Amino acid sequence: MNSKHFIFLALIALVLRLPGLFDSFWLDEAAQALESVRPLSQQLKIVDDFQPPLLHLMIHLAQYISVAEWWLRVVGALVPGVLTVLLTCHIGKKVVSVRYGLIAGLLLATSSFHIFYSQELRPYSLSALFATFTWMLLLTKPVLDTKTKVLFILATGAGLYSTYLYPF
């Protein structure tokens, strides 16, 4: 697969995800944004929250740049969603062939569910990114060296800190 295919697939994924970024927040997204405004020292106090703190921390840091709804969605949903499409393409390429990688990436890039969750300020596209990354490490590395094992542990930890449903 040459880089033109990779860039074209990323552009398709990006263009399909742009329209919903400019809608107003709905209740859960607004709650996510409000929770993330708290001081950094309070971001890990999640006793009453229904999601682990990784997205809270990311959005907290993103709000130093802007509090625009579209910006928060770019950081918390769009970027992880597009990266998941590219990782899916890479897995298909390494495991089967370039053609299958492009087909897999295109199917995910055009998936209505994936598009929706890549536009929503919730942790779903973030956890999908970490899950896809860990599978990429497992499926594309014939031998897991120390660096790969560390990356796998870090990505799994990040996945666990993105949603409680990550293990499933």
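The paragraphs below set out a description of the structure included in this document. If you're wondering where the values come from, they're calculated on a predicted model, not measured in any experiment. (Residues numbered from 1 in each chain as written. Predicted model: local features only at pLDDT ≥ 70, side-chain atom pairs only at ≥ 80, totals over all residues. Heavy atoms only, no water.)

The next subject is the overall build of the chain. A tally of helices and strands in the chain yields 8 helices and 0 strands. Tracing the chain from N to C terminus, the helices and strands come up as α-α-α-α-α-α-α-α. Of all 168 residues assigned to the chain, the portion counted as buried reaches 43%. If you sum the accessible surface of the chain, you get close to 9,500 Å²; carbon and sulfur atoms cover 72% of it. Side-chain charges in the chain split into 12 positive and 9 negative, and the spacing between the mean points of these groups amounts to 18 Å. (Helix = DSSP H or I, 4+ residues; strand = E, 2+ residues; numbered from the N terminus. Buried < 20%, exposed > 50% of the residue type's maximum accessible area, 1.4 Å probe, protein only. Areas by Shrake-Rupley, 256 points an atom, 1.4 Å probe, with all protein chains shown as cover. Lys, Arg positive; Asp, Glu negative; His and termini not counted. Charge placed at Lys NZ, Arg CZ, Asp CG, Glu CD.)

This part takes up the packing of aromatic side chains. This structure, assessed with the given rule, holds 4 aromatic pairs. An angle of 35° between the planes, with centres 6.5 Å apart, marks the rings of Phe22 and Trp70 as tilted. A residue pair is termed long-range when its members are at least 10 positions apart, and Phe22 in the loop between helix H1 (3-17) and helix H2 (27-37) and Trp70 in helix H4 (residues 69-95) qualify at 48 residues. Judged by relative accessible area, Phe22 falls into the exposed class, the value being 57%. With a centroid separation of 6.2 Å and an interplanar angle of 75°, the aromatic rings of Trp70 and Trp71 are classed as edge-to-face. Linked through ring pairs, Phe22, Trp70 and Trp71 together constitute an aromatic cluster. (Phe/Tyr/Trp six-rings, centres within 6.5 Å; stacked < 30°, edge-to-face > 60°.)

Take the pattern of salt bridges next. For the structure on display, the rule yields 2 salt bridges. Among the ionic pairs, Glu29 bridges to Arg73, the shortest N-O distance being 2.8 Å. With Glu29 in helix H2 and Arg73 in helix H4, this pair connects stretches of sequence that are 44 residues apart. You can call Glu29 buried: its relative accessible area is 2%. Relative accessible area serves as the criterion here: at 2%, Arg73 is assigned to the buried category. Between Arg38 and Glu35 there is a salt bridge whose closest N-O contact spans 3.3 Å. (Salt bridge = Lys/Arg side-chain N within 4 Å of Asp/Glu carboxyl O.)

A few words on the nonpolar core. Buried together is how nonpolar side chains tend to be arranged in soluble globular proteins. Among the nonpolar cores identified, the biggest contains 14 residues, and Leu72, Leu121 and Phe130 are the most heavily contacted of them. For this core, the leading source of residues is helix H3 (residues 54-62), giving 4 residues. Among residues more than four places away in sequence, those in contact with Leu121 are Phe25, Glu29, Gln32, Ala33, Leu55, Ile59, Leu72, Arg73 and Gly76. Ranked by size, the runner-up nonpolar core spans 12 residues in total, among them Leu21, Leu78, Val85 and Leu108. (Core = buried A, V, L, I, M, F, W, Y, C linked by side-chain atoms within 4.5 Å. Contact = heavy atoms within 4.5 Å.)

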